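Architecture and fold: a report
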Amino acid sequence: MNTKEDSLYIKRLKERLRQKPDSKVFLSFAEELRKKDRIEDAITVLIDGVKKNPDFIAARLTLARWYLSSDMSSEAKKEFSEIIERTPDNIFARRGLKEAYRRLGEPIAAKEAVVSQLSTFLEAVKLHFSPEPEVFSNSVKDKAIVVGRLDRFLEAVKMHFNPKDSLS
């Protein structure tokens, strides 16, 4: 890495990371490198940091997004998929996975990613509105109506984005 042109802040971050190699400061360090148009160095820092902190989802999302912006769609797809395995309701990872599939020319997989993303979102909403015994029976009835509408909406989305259909 180019140390001659490093700013004082980058030097401080690099030193903090040297002192505590397992710390999460690597994300800030990588961000600063990227601001200096040193994307290859930034990606290398993120890869190393994610290996040491595999549950640091913000860093993994950053790495996956940078892969996409660097036309490294296969790597982005892999990273977004791993994020989704760890946090299935992560809408940013699902959105990124859909984009990676699209860029890789895999439209059926992209459609499946959209349906999966919507399904996850609607399931979360349904959980929020699930009918529970309450004092007011109207609110239970209203929640049941909302859940029913969400179910119908999800089925319509699945039919619209049926991955078995050819693209038109």
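Reading the values: rules and limits
- Residues numbered from 1 in each chain as written.
- Predicted model: local features only at pLDDT ≥ 70, side-chain atom pairs only at ≥ 80, totals over all residues.
- Heavy atoms only, no water.
- Core = buried A, V, L, I, M, F, W, Y, C linked by side-chain atoms within 4.5 Å.
- Buried < 20%, exposed > 50% of the residue type's maximum accessible area, 1.4 Å probe, protein only.
- Helix = DSSP H or I, 4+ residues; strand = E, 2+ residues; numbered from the N terminus.
- Contact = heavy atoms within 4.5 Å.
- Salt bridge = Lys/Arg side-chain N within 4 Å of Asp/Glu carboxyl O.
- Polar contact = N/O pair within 3.5 Å; in protein donor to acceptor, adjacent residues only side chain to side chain.

Side note on the nonpolar core
- Among the nonpolar cores identified, the biggest contains 35 residues, and Phe26, Phe29, Leu46, Ala59, Trp66 and Phe80 are the most heavily contacted of them.
- Sorting the residues of this core by element identifies α1 (8-19), α2 (26-35), α3 (39-52), α4 (57-69), α5 (73-86), α6 (91-103) and α7 (107-129) as the ones contributing at least two each.
- With eight residues, α4 is the single largest residue contributor to this core.
- With residues up to four places along the chain from it excluded, the contact list for phenylalanine 80 reads Leu61, Ala64, Arg65, Leu68, Phe92, Ala93, Gly96 and Leu97.

Comments concerning the environment of glycine 96
- Relative to the assigned elements, glycine 96 resides in helix α6.
- For glycine 96, a relative accessible area of 9% translates into the label buried.
- Residues glycine 96 and alanine 76, 20 residues apart in the sequence, show an inter-C-alpha distance of 7.8 Å.
- Once residues within four sequence positions are removed from consideration, glycine 96 is found in contact with Leu68 and Phe80.

Here we look at the pattern of salt bridges
- Applying the stated criterion to the full structure yields 10 salt bridges.
- Among the salt bridges present, the one from glutamate 32 reaches lysine 35, with a minimum N-O distance of 3.0 Å. Linking glutamate 32 with lysine 35, this pair stays in helix α2, spanning three residues, or about one helical turn.
- Residue glutamate 32 is classed as buried on the basis of its relative accessible area of 15%.
- Notably, a salt bridge pairs aspartate 41 with arginine 38, separated by 3.2 Å at the nearest N-O pair.

Re the side chain of asparagine 90
- Looking at the secondary structure, you find asparagine 90 in the loop between α5 and α6.
- Of the polar contacts made by the side chain of asparagine 90, one reaches the backbone nitrogen of alanine 93; its length is 2.9 Å.
- Apart from residues no more than four positions distant in its own chain, asparagine 90 is found in contact with Ile57, Leu61 and Ile83.

Side note on α2
- All buried positions along α2 are accounted for by Phe26, Leu27, Phe29, Ala30, Glu32 and Leu33.
- In this structure, the buried residues of α2 make contact with α1, α3 and α4.
- Two residues or fewer past α2, aspartate 37 is found with a positive phi of approximately 60°.

Observations concerning the side chain of threonine 62
- By secondary structure assignment, the location of threonine 62 is in helix α4.
- Residues in contact with threonine 62, not counting those within four places in the same chain, are Leu27, Glu31 and Leu46.

Things to note about the environment of leucine 68
- Counting through the fold element by element, leucine 68 comes out in helix α4.
- Each C-alpha atom of the pair leucine 68 and alanine 100 lies 6.9 Å from the other, and the pair is 32 residues apart in sequence.

So, to be careful, I would describe these as geometric facts and stop short of saying anything about function.
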